[in-house]
Structures are given as C-alpha cells and as structure tokens.
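Survey of secondary and tertiary structure
Below are the chains, spelled out letter by letter.
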Amino acid sequence: MTTDRPETTSRRSMVARLSATFAGAAFLAACGAEAEPAKAPAAPTAAAKAEPTKAPAAAPPTAPAPAATGAVAITGPFEGEAKTLTGAGATFPAALYSKYFNEYNKLTKVEVNYQSIGSGGGIKAISDQTADFGATDSPMTDAQLKEAKGGEILHIPMALGAVVATYNIPGLETTKLKFTGETLAAIFLGTITKWNDPKIAADNAGVKLPAEDIVSIHRSDGSGTSFVFTDYLSAVSAEWKTKVGASTTVNWPGGVGGKGNEGVAGEVKQTPFSIGYVELIYAVQNKLGVGLIKNKAGQFVEPNLAGVTGAAAAAAGKVAPDLRVSIVDQDGAATYPISSFTWILAYKQMTDAAKATALTRLLWWGTHEAQKFNGDLGYAPLPAEIVTKGEAMIKSITGAGKPAFPGK
Amino acid sequence: MTTRDVENEIASPASWTVQGPPIFARRGGVGADDVFKWLVYITAFAVPAVLVALFILLVIDAWPALERFGLGFVTSSNWDNVKEQFGSLPYIYGTVVTSLLALLIATPVGVGAALFVTEYAPRPLRVPVSFTIELLAAIPSIIFGLWGFFVLTPIMRSTVEPFMKSAVGPLPVIGSLFQGPSVGKDLFTGGVILSIMILPTIVSISREVLLAVPTMQREGMLALGATRWEAIREAIIPYARVGIAGAAILGLARALGETMAVTMVIGNSSRKITGSLLTPGYTMASAIANQFTEADNPLYFSAIVGVAALLLVVSAIVNVAARLMIWQISRGVAKGGTRG
C-alpha cells in the first residue's frame, strides 16, 4: 500500500509472463518426453506400412543415398571440428532433435544445445546470428531471408510431419469419419455448424451423425502446426484463402483456442462434439478419433507416416531448388494431404570453419543415418529424392571461404 | 579502550562535544552520513526509473504498430497476422472483464472469510483456516491452470453455465451476460479461476486490517447492546473499509497480469465481443504469452509489444483509479471519525 504499486504490478505481470513461457516450454518438453514410450507400439506398424508403399527409398535410412555418396558416413569424431553447436527453433521436432543430438553426442562427442523456442524464435535466432542454426516448421519468407545478417540461408529438410483432424463425438468413438478439404475449411470458417450437415453426411454414408453444434478447436499459440493446417485449408478452399489465409497464427473465425498440441488434444478429449487439429503423434498418444482426409487423387486416406513420406516424394520432382516448399495437397493415391517438412536453417557462408565442419557433419548424419529414429518418434523419414537435394545443400556450405563438409 | 572508558564516554555528554560525534568519526568521518543519504535516494529513484525505462522501451518497440494503426490499435477488434491488421480491443476487453468478474466474486468471499477468522472462529480454528487460505497464494499459477483445464471447465460447461443460463439468462439486462452455448472455455470460467487466485491476497490483507480495528471500537458497540452483526456492520467494517478496498485492489492487480491459468481456460479467441460471459475470450497477458514465440514479422512483433505497453497502461489506470477511490473513502472515514 505504498506508492510503488504500479511497479509491483508490472513486475508481477512480467514474472507471470516469463514463468508462463517457461512453464509452457516445460509442459511441452514433458509431453515430448512422454511421447516416446507411448508412440513406440504404434511405430512398427507405421514403419512397416512405409516400406512397401514407398519402395526401398524411405525405409532403410542409410540405403537411399545414391551410389556417388553411398560411402559417406559419419562414424566418429572429426579432427578440428567445433565441439559445441547451439540451435534454436521449432517445438514440433524438438523430441526428434533431442534424440538426434543425444545419439550424435555419443557418436562424435559434439555437444548440440537445442532450445525449442518456436519457429519464429528460430528464424530470429539465425537471422540475428545468436545461434549456429535455426529450426522452423514454416519456411522463411523472402523478406525474412533478406533481413538475415549472415547472408544466404539454406533450408535443409530434416523430417516430415502430418497434421490430423481429430474429433470427439460421443457414440462415434470407433468410427473413422471422412472429411474433404472443403468441409474442414467450412467447419473452421463456421459455415458448417452442425455435425449432421449434408456436406459431412455426403462423405459419411451410413454413419448416424448427431444434430449437435460443432465446437472447433484451434491452436492459441503461434505454431508450425497451425501453419501446415491453414496452408492446407488455403490450398483447398478459396474462401479460406481470402478470408483467413495461412500463417503460424491466423485470425480464427470462431471456436476455442488451446495452448500447444497437448492443449488442443486435451480440449478435444474433454469437449463433446468438438473437432481440432494436432500433430499425428498427439492424436495417437491421446487415442483420439482421427479423420480420413480426401487427397488430390480423390482417395480418403488415413494419416500415417508412409502417406506423409509419399507426399514429400510426390512433391520432390517439382519443388523449388531451395526446398522452401509446401507439400500439402500433393498427388498420389496413398498421399496424405496435410503434410509438411520441418527444416534446419543454416547459413551458406559460415565464418567459423570449425563450426561449419561440425554443423555440416551433423546435418549429413541427421539426413542419413539418423532418419531411422524418425518412425519411432512419430515423424516420417525423408524420401530419397529430398535427401539427395539436401546433400547438395550441405556440400555447398562453406566455412571461412572453404567447403566445410569433409566428406566423412 | 577499555569497557570502563566507553561507559564513561557514553555517560558523559561533555566528552561527546569535545571529541565530536565519536561513533561516526571512528567509522570514516561525517561522509558516511551523506553517502548513506545518497544511497537511499538512489534506491528510491531506481524503482520508478525502472518503470519509466520499461515503458519507454516498450513504446519504442511498439512504435511501428502504434504509428501505423494509431487509435485503431486500441479501438479495432480485428487482430489478423496474415493481413497485418492489429487491433487489440478484444484483449483489453477480456482482461478488464475477467479481472472485474474476479474481483466481484472474490471480494465478498474474501472479506467474509476474513471476518470469520477475526470475529467468529473459535481460537483453535483461526490459524488453520487462515493458513489454508493463504496457502492458495503459494500455488504456482500453472497448477491452477491445469486444475482449471481438467476439473473446473467440465463442471462449468455441464453444470454451472447451464444453471446460470436458466436462472439468470431470462432476466433483463443481466441476463444478456449468460447467453449462447456453454463451451466451458470462456470469460466466465476465466473470471472464476482468477477469483480463486486472488482470494488469498484479499483474505490475508482484510484479516490484517480487521485485526487492526481497536478492540474498544468493537467492545464499545457490543456494550451498547449491538448484536455481533450490528457491531461488524456499524463499527468494524466502516473502520476497516479503506484497508479492505486496498486488499481488493491488490487482488485486482494480480488478476490483471495473471497469464498462465487464464490462458488455459479462457478459450483464446479474439474474434467477437458479444457482451455474453459465455463466449471464448482472450486477455492481454495471454495474447502476449501465446503469440510472442512465433511473432516473426516485425510489425506483428511490434503489435505484441504494443499490447504489453497497453497492459502496463491499463494496470496503471486501475491503480490510480483505485488510489483515488481509497482517498475518497478515507476522507469519508475521517468525517465519520469526527462524527463518532
């Protein structure tokens, strides 16, 4: 009750905000950690499915590399490389990266410190050169690339993720509902408001849909997951594209926002007649009903890792050389349409040669040997076509003017 | 110097005048006095300086957004990152509504609990009851958030909100606060969770204030034949009302800045301001926490910092308003005092 109350208030709210950020990060980290064991049983089936559909390409990670580079393998420490690297960025691949970096440390004794602060933070960190590499789920825009302080930035794909539509309709727990892109867009736009809407019913013949209001649930925090989902809706619905658009945070036309994948998953689980979107792994973990989505080829496909790798393979032939591409709504009968890359961002011309060597070796290992960890953690491995394109990028990185990748 | 010498010196003021101030003289001269004075000045001014610096920095970072949208930054309710339109009205609305609702619920409950502890509770109950209530203050807000998410929201959705809609909904004016489907994640739930969080602040300060009411005041009233309720109403509450108002304001200050717990139950939707408490909303603090990490475009970042600056301004306005209110009330007390 003295004159300093305004300061007290502002300080308290600062602390609250900070602690919220940390708590959020801790919560995410905790969920990420939980994800590993929970995901394990589901993975073998997904991996098994991946092999027949995606040819030999996607399955054994060391095999797909073409003959020319087949001999290149990271087998141990390398003389003269930096012993520590720092990275920052996307939370979505954080569980995967922590597995990568842990294994990589055992192999090469290089310590990689990765902070999962969000894609926006990762872009900022690499642009301001406060980290050796960044990580993001949504590619940098041309304007952002121009603002980077250290010159040209490369987008190196590390893994693939899928976003699934998940719902909670009492009585239809075991029914897999079918959705087209247009119905999903209409639901999130608020133009379809009831579960028994004729548009939903048309795709789900024989299912007794309730006459209840749909509660749509979206991410309240900025997120690569939202980017992929809204990117997909923009690709399939002109109305969505003009009214809302695609971004890590959009102005949602309605519904309720949940914080994080776990927030949306939890919200869907406890709200009857709701629909939301989450990363594939969270839906599996929370045993949520997952919708089949109609792909470009007209097939209703269930989200699985093979379908995601398929989307990337389908896109590989026509992608821009810098790999800053969206792979939503791709061709192919088994392709799952709401898929995306997650990238590591690195400067093409690095000033520190030792760090450049360490980073290129890490990236090489990550896009080759380490891909075998993807399936178990709920991420789809990269198709061979994309790995090859990544190789060229890694080899183009220079450290203090000289090519940085030592070739082993 | 022996003990005896010291005693002599203290005993005889004459020796002080002769030798100068002995204690200060021995510890580094008269300068120490000045040094300490300036030290106190600096610490006193450092605190407001931090506030001013904080505000200036926020405004500098927020400037691109403030310049571009002007007054629209506060009056527009369109917050669209994709189209680069930023109006923070829904956030301001959400913050003010949930905080006031929290205050409305927590103040009577808090004062009631404090009165129980000071006036009614048998002695052995006093400490455990107040200790338990104050323990609430030690619970981190994320715990409230999780509890709110998993326990409170389902209860609100399935029981409390339908009840409010049927009981209060049909009434004129106030009924408009309880319209629309019960989602459970809305301004109402946000206000309820905040009220629980600010309760310990209100209880503990009100209790201190009530304990400070002179026993004579209380006993005098009772001696005049007043019942306990009359004594509370006529003698205790009027005496303590400034302090109680202060307690409520400290609670309000906490509610305004609270982030995590509210974020988890408020629904985080900035789309509409309907006037009903049953619509999902958004608070300024939640907006910052939610959107800061992915604010990768400069204007968006600037807009979020702008919300932070606004939060500071809103907190300041509330505090100033509260201080004026206390000032008014305390003048009333002074008059009442002369009358009594």
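Conventions used here
- Residues numbered from 1 in each chain as written.
- Chains lettered and ligands numbered in written order.
- Predicted model: local features only at pLDDT ≥ 70, side-chain atom pairs only at ≥ 80, totals over all residues.
- Helix = DSSP H or I, 4+ residues; strand = E, 2+ residues; numbered from the N terminus.
- Buried ≥ 20, exposed ≤ 12 C-beta atoms within 10 Å, placed from the backbone.
- Contact = placed C-beta atoms within 7 Å.
- Expected span 1.5 Å × (residues − 1).
- Bend = angle between axes of the 7 residues up to and from the residue.
- Pairing = 2+ DSSP bridges.
- Nonpolar A, V, L, I, M, F, W, Y, C, P; charged D, E, K, R; others polar.
- Core = buried A, V, L, I, M, F, W, Y, C linked by C-beta atoms within 7 Å.
- Domains from an automatic or database assignment.
- Axes fitted to C-alpha atoms, helices over the stretch in contact; angles between N-to-C directions.
- Left-handed = near helix turned anticlockwise from the far one by under 90°.
- pLDDT = per-residue confidence, 0-100.

To continue, consider the overall build of chain A. The secondary structure content of chain A amounts to 16 helices and 15 strands. Taking all 408 residues of chain A together, 56% fall into the buried category. For chain A, restricting intrachain contacts to residue pairs at least 6 apart in sequence, the fraction spanning at least 24 positions comes to 75%.

Further remarks concern the overall build of chain B. Helix and strand content of chain B: 14 helices and two strands. Residue burial in chain B is summarised as follows: out of 340 residues, 42% are buried. In chain B, the proportion of contacts linking residues at least 24 apart, taken out of those at least 6 apart, comes to 75%.

Before going further, it helps to examine helix α10 (residues 224-236) of chain A. End to end, α10 of chain A covers 18 Å across 13 residues, agreeing with the expected 18 Å (1.5 Å per residue, within 8%). Summarising burial for α10 of chain A: 13 of the 13 residues are buried, a large majority.

Owing to its 3.6 residues per turn, the α-helix aligns residues three or four sequence positions apart on the same side. Along its 27 residues, helix α8 (residues 141-167) of chain B runs just 31 Å from first to last C-alpha, ending more than 12% under the 39 Å computed at 1.5 Å per residue. At M156 of chain B, α8 of chain B shows its maximal kink, close to 50°.

A few words on the sheet that holds strand β10 (residues 292-294) of chain A. The strands making up a sheet are joined through hydrogen bonds of the backbone, oriented either antiparallel or parallel. All names here are of chain A. On the basis of which strands lie adjacent, the open sheet formed by three strands has the order β5-β10-β11 and mixed pairing. With partners counted over all chains shown, the strands left at the sheet margins are β5 (178-179) and β11 (300-301), one partner each. One ladder, built from two bridges, connects β10 with β11; its direction is antiparallel. Paired with I293 across the two strands is V301, which belongs to β11.

Right, let's get into the interface of chain B and chain A. Contacts between chain B and chain A engage 46 residues on the former and 45 residues on the latter. Of all the secondary structure elements, the ones that give two or more residues to the side of chain B that touches chain A are α4 (31-69), β1 (79-80), α8, α11 (228-257), α12 (260-265), α13 (284-291) and α14 (298-339) of chain B. Considering only residue class, the side of chain B that touches chain A consists of 23 nonpolar, 15 polar and eight charged.

In terms of nonpolar packing, the biggest core is built from 114 residues, with F133, I156, A312, I338, I344, A346 and L362 of chain A touching the most fellow members. Among the elements that line this core, the one with the most residues is strand β4 (residues 153-168) of chain A, at 11 residues. Shared between two domains, this core takes at least three residues from each, and those domains are domain 1 (27-160 + 321-325 + 337-403) and domain 2 (163-314) of chain A. If we ignore the near neighbours within four places in the chain, the residues touching F133 of chain A are L85, G87, I126, I344, L345, A346 and L359 of chain A. Judged by nonpolar contacts, the second largest core, of 84 residues, contains A62, A102, V242 and L311 of chain B.

Here we take up the environment of S396 of chain A. Residues and elements named next belong to chain A. Here S396 lies in helix α16 (residues 384-396). Under the C-beta neighbour-count criterion, S396 is labelled partly exposed, with 15 such atoms within 10 Å. Each C-alpha atom, one on S396 and one on K348, is 6.8 Å from the other, the two residues being 48 residues apart in sequence.

So, about the sheet that holds strand β15 (residues 402-403) of chain A. Residues and elements named next belong to chain A. The sheet built from three strands is open, its strands ordered β13-β14-β15 with mixed pairing. A strand with exactly one partner marks an edge of an open sheet, and here the two such strands are β13 (349-350) and β15. Here strand β14 (residues 398-399) runs beside β15; their pairing, made up of two bridges, is antiparallel. Across the sheet, T398 pairs through a bridge with P403, a residue of β15.

This brings us to unusual backbone geometry. Its identity as a non-glycine residue notwithstanding, A400 of chain A has a phi of 50°, on the positive side. Along the chain, A400 of chain A falls in the loop between β14 and β15. One non-glycine residue, V173 of chain B, lies in the positive phi region at around 60°. Along the chain, the position of V173 of chain B falls in the loop between α8 and α9 (187-211). With 6 C-beta atoms packed within 10 Å, V173 of chain B lands in the exposed category.

What follows deals with the environment of L210 of chain B. Residue and element names in this part refer to chain B. Secondary-structure assignment places L210 in helix α9. You can call L210 buried: it has 22 C-beta atoms within 10 Å. C-alpha of L210 to C-alpha of T118: the two residues are 92 residues apart in sequence and 6.8 Å apart in space. Not counting the four nearest positions on each side in its chain, L210 is found in contact with A114, L115, T118, I236 and A240.

With that out of the way, let us pick up the packing of helix α8 (residues 181-189) of chain A against α10 of chain A. All names here are of chain A. Between α8 and α10, the least distance of the axes is 9 Å, while the angle of their chain directions is 115°. As α8 packs across α10, the resulting crossing turns out to be left-handed. Across the interface between the two elements, G181, E182, L184, A185 and F188 from α8 touch Y232, L233 and V236 from α10. Split by residue class, the contact of α8 with α10 holds six nonpolar, one polar and one charged.

On average, residues of chain A score 81 in pLDDT, and 83% of them reach the 70 mark or higher. Counting interchain partners and residues more than four positions distant, the pLDDT-below-50 stretch residues 1-69 of chain A has 115 contacts.

Another aspect to go through is the pairing of strand β12 (residues 339-347) of chain A. Residues and elements named next belong to chain A. The element β12 is largely enclosed, with a buried count of nine among its nine residues. Side chains of β12 alternate between two faces, with S339, F341, W343, L345 and Y347 and S340, T342, I344 and A346 buried alike. Taken together, the three bridges between strand β3 (residues 133-136) and β12 define a ladder with antiparallel strand orientation. Within β12, the residue paired with A135 across the bridge is I344. Alignment of β4 against β12, held across nine bridges, turns out to be antiparallel. Each residue of the ladder has a partner; that of G161, found in β12, is S340.

A few words now on the environment of V183 of chain B. Considering the arrangement of structural elements, one finds V183 of chain B in the loop between α8 and α9. Taking the number of C-beta atoms within 10 Å as the measure of exposure, V183 of chain B has 25 and is therefore buried. The sequence separation of V183 of chain B and P154 of chain B amounts to 29 residues, and the corresponding C-alpha distance is 8.9 Å. Excluding residues within four positions of it along the chain, V183 of chain B makes contact with V215 and V256 of chain A together with R157, G267 and P280 of chain B.

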